[in-house]
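Each chain, written out:
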Amino acid sequence: MNAPIISSRRDILRYAGAAGALIIAAPLASCARRAKLEQDAPPPALEWFEGEIGPFVVINADETIVIGSPNPEMGQGVDTSLPMLVAEELEVDFDKVRMVQMPLGLKTGDDGEITWKHVPQGSGGSTSIPENWEALRRAGALARTLLVAAAAERFGVPVAELTAANGVVTHEGTGRSASYGALAQEAAAIAPPAEAPALKPRSRFRIIGKPQKMKNARAIVTGRAVYGIDATLPGMLHAVMERCPYFDGTAISVDDSAARAVDGVVDVVKVRRPPLDGPYDVQAEGYAVVATSLWAAMKGRRALRIEWDHGPYADESSESFKRHCADLLSGAGRIARHDGDFDAAFAGAAETYEATYWEPYVSHAPLEPQNALADVRADAVTIIAPTQTPSSCNRMVAAALGRERLDVKVLPTRLGGGFGRRLSNDYAVEAALISQAVAKPVKLLWTREDDLQHDFYRPAGMHELKAAFNDAGELTGWTHRLASASKYYRREGLPEDEYWTSEFWDDDFPANMTPNYRLEYFSARSGAPRGSWRAPAHTANAFVVQSFLNEIAHRRGEDPLALRLRLLGEPREIPYKNHGGPVFNPGRLAACLKLAAEKGAYGEKTPPGRGRGIAGHFTFGGYCAQVVDVEVDGDGRLKTTRVVAAVDIGSVVNPNGVIAQLESGVNDGLSTALRLAIEIEGGRVTTSNFDTYPLMKIADAPPVIETHIIDNGDAPSGMGEMGIPPLAPALAHAIFEATGKRIRTLPIADQLRA
Amino acid sequence: MPQLKVNGRRVDYAGDPDMPLLWFLREEQGLTGVKFGCGAALCGACTVHVDGAAVRSCVTPMASVEGASVTTIEGLSDGETLHPVQEAWLEEDVAQCGYCQAGQIMAVAAFLEKTPDPTDADIDDGLTNICRCGTYHRLRKGVHRAAALRAGRAS
């Protein structure tokens, strides 16, 4: 994310008033208007607030309480959990709160740079809760303070004699009281206190830590929730686009005459390819068919006749890339980290272990295909889109159009899934360029094939691991050699020498737990675009590291859990400089492993054909361990029968949301491990739809998922990603216990057959 | 002019007979609860009822629904009284991103008409809609709860 964090608390908590409404943190509130929200109405996601509704809190005279949720909602539950933070300090009944998705708020900071108007507004890296944990509680506390001050003036009593609870301010001495709705207008006229109000201690939380169901569930089950694909603007045209399927290819010839002849087609617009030596803005050269209806645009697209050059990666295939990685591993790579002397430790070891693993490219495949609605005008630009990073969307669109950033308004809709795909905003840039070309609002829609063939994939790679143990059974050396096509490429100022930094997080376990530790990276050449896939490198590395530990334990005749626990050692804080730091406490991971083991009856003997496996990982500040049970029948058919998880993410805001995200992580991890791989042939992705990219269905989902939460009161991390990394290695372990077969290549696909 | 019924209302259609029902419902009828996921009948996000049966509207040409009665998620509830499947989805808090859920609910509603008291095996065999968020655990509970709610309302 590009925008810097807020410059001061004062910026977060500026207030202003409007008739009948108290609006917190709305510098432009003179033009504010109230959200008209009826019970059970869908969230007004497509009402363009444009800073008119005060971010975070609106209290109407009719007692409706509206809380803005700054971060895009993609299923991770922030449109419930973030308003909980505000409501906790505001002292309102959470059942009476309505949620509104806020548009992107940017401003020019004191230093002249563009900065957040209120708080950071991206959804990625499991950061929404930790980044807003304090700021949104303070926003709620300030609103409450102003309401109490208004009551004090009205009643002529000191502030200290008033209490605020359940949307009412009460003076106990006289028995007088006033509702928030009645006080809102007066409160809006009161200057904010110089000192930020104090926050409640944890012991007084009434909302935080109590399970809440998803706020907008009724809109979803009645079909009224509004996603990007549902957005409209008056006079809007529709566009679909044929992109070059070949990596970095370009058109040799284009005949759009038949497309233009389709009834309803208005124009065919070329979208130029992205720079080949710098960051992507769009992903590929393409030709957008713009029409008065979506169906006309789709028919027009089918009528395009384009001959593509196969580009600089025409020889690349899934197999050739795998061979390329294997070739690289036979040489010497970039040493990303080296403690002690691994080679000496390996040479002098009592026991050594080696294993090689392969993980394929995988796609995000959010169920809502990419789309964006753009309205590019001379005086302003509007983007309505399902984006995880509205500020990045703003920056990229402004750059592509040559406009000022503050002229580009972005309204994130609800997202039909994100998983990291919508950190990239290439589809919004496309829509903006097309709208600019036709001078009309344009909604661009991708098909599923477009989505699977033009993703920013999770990097594929070959991992070679080696470990050394001494006579005493101590881990004396560990090396992890990885050949992959990094997701860090085409980045300004980042030399290839640094590409490893997205694929290894060099303080990850078992770093700092063995004296001789080496990470070696080989930057592989591939034309496949790469990006962040839910828990990025953690999914890849947890699979190989945890699987390798299970192999080592088996060969040493040691229990895999016992091996982990002795490697992790006592609770202590170890510096962790990557995202999720600044410390890693192995004791917290050990506690998760022990709890999952206890609740999942790990260690109990399983009957033939069944197996139970375990794994744990530290992801972006959160600790998670899982015990997975499987059954494998005589034909090699695999059934995951149960997953028991333990998670420690510090303080929990919404336990129901944590459990939902854990379940989601388990099923995402399982779906991906079972069958998912993006296939490449002839310099293009050949995987095209859910027949060749078979996302898991209910029949393969574990009927039992148990989540055990350790809420230790520490500062919270997020929960969007922690549930995935342990799943695949615990699954592979369970499969080994059931069948004796080691899964070293993902996906599992038909490896268990015959 | 060819006609069909959508959520109990008679509507005309004079356009391309090859256009999928999905686009008619979304783009011409404004019924955007019906979702586009794959365009190839593989995910079920576009599931609606045609004469009571669950169909994947993304591969259902308009020519095939002439005279038919189509129900979408918007027409599933009885006014403000939610359908038992919708009610069960709220009680089990099934949705995450929610994008697939309208299709899931329509598929389950039709499934329960044929299989009013399903076993887990019936669910595994009979429900094939994709949920990318992986809400299957709660979805399964939701199906069982919907079956119970439905039985309760019938008695």
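The structure displayed is predicted, hence computed values, not measured ones.

Within chain B, the secondary structure is distributed over five helices and five strands. Tracing chain B from N to C terminus, the helices and strands come up as β-β-α-β-β-β-α-α-α-α. Scaling as 2.2 N^0.38, a compact globule of 155 residues should have a C-alpha radius of gyration of about 15 Å, and chain B matches this with 15 Å. The buried share among the 155 residues of chain B stands at 58%. A separation threshold of at least 6 residues defines the contact pool for chain B, and within that pool the share at least 24 residues apart is 62%.

It is worth spelling out the domain arrangement of chain B at this point. Residues and elements named next belong to chain B. Domain boundaries assigned for chain B yield domain 1 (3-75) and domain 2 (84-154). Averaged C-alpha coordinates put domain 1 and domain 2 at centres separated by 21 Å. Every contact between the two is made by 14 residues of domain 1 and, on the other side, eleven residues of domain 2. Looking at the side of domain 1 that touches domain 2, the elements with two or more residues in it are β3 (47-50) and β4 (53-56). The biggest single contributor to the side of domain 1 that touches domain 2 is β3, with three residues. Residues that form the side of domain 1 that touches domain 2 fall into these classes: eight nonpolar, five polar and one charged.

Residue and element names in this part refer to chain B. Spatially, five strands are ordered β2-β1-β5-β3-β4 in an open sheet, and the strand pairing comes out mixed. The open sheet has two edge strands with one neighbour each: β2 (9-12) and β4. Mean inter-strand twist for the sheet, computed between neighbouring axes without regard to direction, equals 35°. Bridge analysis of β3 against strand β5 (residues 69-71) gives two bridges, and the strand direction is antiparallel. Bridging from a neighbouring strand, H49 pairs with T71 of β5. Strand contacts of helix α3 (residues 101-114): β3 and β4, with the helix running at about 40° to β3, the strand carrying the most contacts.

Residue and element names in this part refer to chain A. The strand order β13-β14-β11-β21-β18-β19-β20 describes an open sheet built from seven strands, whose pairing is mixed. The open sheet has two edge strands, β13 (265-271) and β20 (408-412), and neither has a second partner. On average, adjacent strands in this sheet sit at an angle of 20° to one another, irrespective of strand direction. By the bridge criterion, six bridges tie β13 to strand β14 (residues 286-291) in an arrangement that is antiparallel. In the sheet register, V268 faces β14, and the bridge partner there is V289. Where helix α11 (residues 390-401) meets the sheet, its contacts fall on β18 (371-376), β19 (381-385) and β20, and the angle it forms with β20 comes to roughly 145°.

Note that an α-helix has 3.6 residues per turn; residues three or four places apart therefore point the same way. All names here are of chain A. In a regular helix each residue adds 1.5 Å, so 21 residues correspond to 30 Å; helix α14 (residues 536-556) covers 31 Å between its end C-alpha atoms and thus fits that length. The axis of α14 is deflected most strongly, by about 25°, at A542. The buried fraction of α14 is high, at 17 of 21 residues. Just downstream of α14, G557 is the residue with a positive phi angle, here 75°.

Residue and element names in this part refer to chain A. In this model, G581 is joined to P582 through a cis peptide bond whose omega is 15°. Relative to the helices and strands, P582 is located in the loop between β25 (574-575) and β26 (583-584). Cis geometry marks the peptide bond from L746 to P747; its omega dihedral reads 0°. Here P747 is to be found in the segment after α18 (727-739). Unlike most non-glycine residues, R490 shows phi in positive territory, near 50°.

Cut-off values and rules
- By convention here, each chain's residues receive numbers from 1 onward along its written sequence.
- Chains carry letters and ligands carry numbers; both start at the beginning, A for chains and 1 for ligands, and go up in the order they are written.
- In keeping with the model being predicted, local features are shown solely for residues with a pLDDT of at least 70 and side-chain atom pairs are shown and tallied solely at 80 or more, while totals for entire chains, interfaces and linings include all residues.
- Secondary structure elements follow DSSP: runs of H or I of four or more residues count as helices, runs of E of two or more count as strands, with numbering from the N terminus.
- In this description the radius of gyration comes from C-alpha coordinates, and the expected globular size is given by 2.2 Å times residues to the power 0.38.
- For every residue, the other C-beta atoms within 10 Å of its own C-beta are counted; 20 or more classify it as buried, 12 or fewer as exposed, and values in between as partly exposed. C-beta atoms are placed from the backbone.
- Contacts here follow a simple rule: the backbone-placed C-beta atoms of the two residues must lie within 7 Å.
- The domain limits used here are those given by an automatic or database domain assignment.
- Residue polarity is assigned by list, with Asp, Glu, Lys and Arg as charged and Ala, Val, Leu, Ile, Met, Phe, Trp, Tyr, Cys and Pro as nonpolar; anything else, Gly included, falls into the polar class.
- When DSSP finds two or more bridges between a pair of strands, those strands are recorded as paired.
- What counts as an axis is a line fitted to C-alpha atoms, over the stretch in contact for a helix, and the angles between N-to-C directions run from 0 to 180 degrees.
- In a helix, the anticipated span is given by 1.5 Å times the number of residues less one.
- At every residue, the bend is computed as the angle between two fitted axes, covering the seven residues ending there and the seven beginning there respectively.

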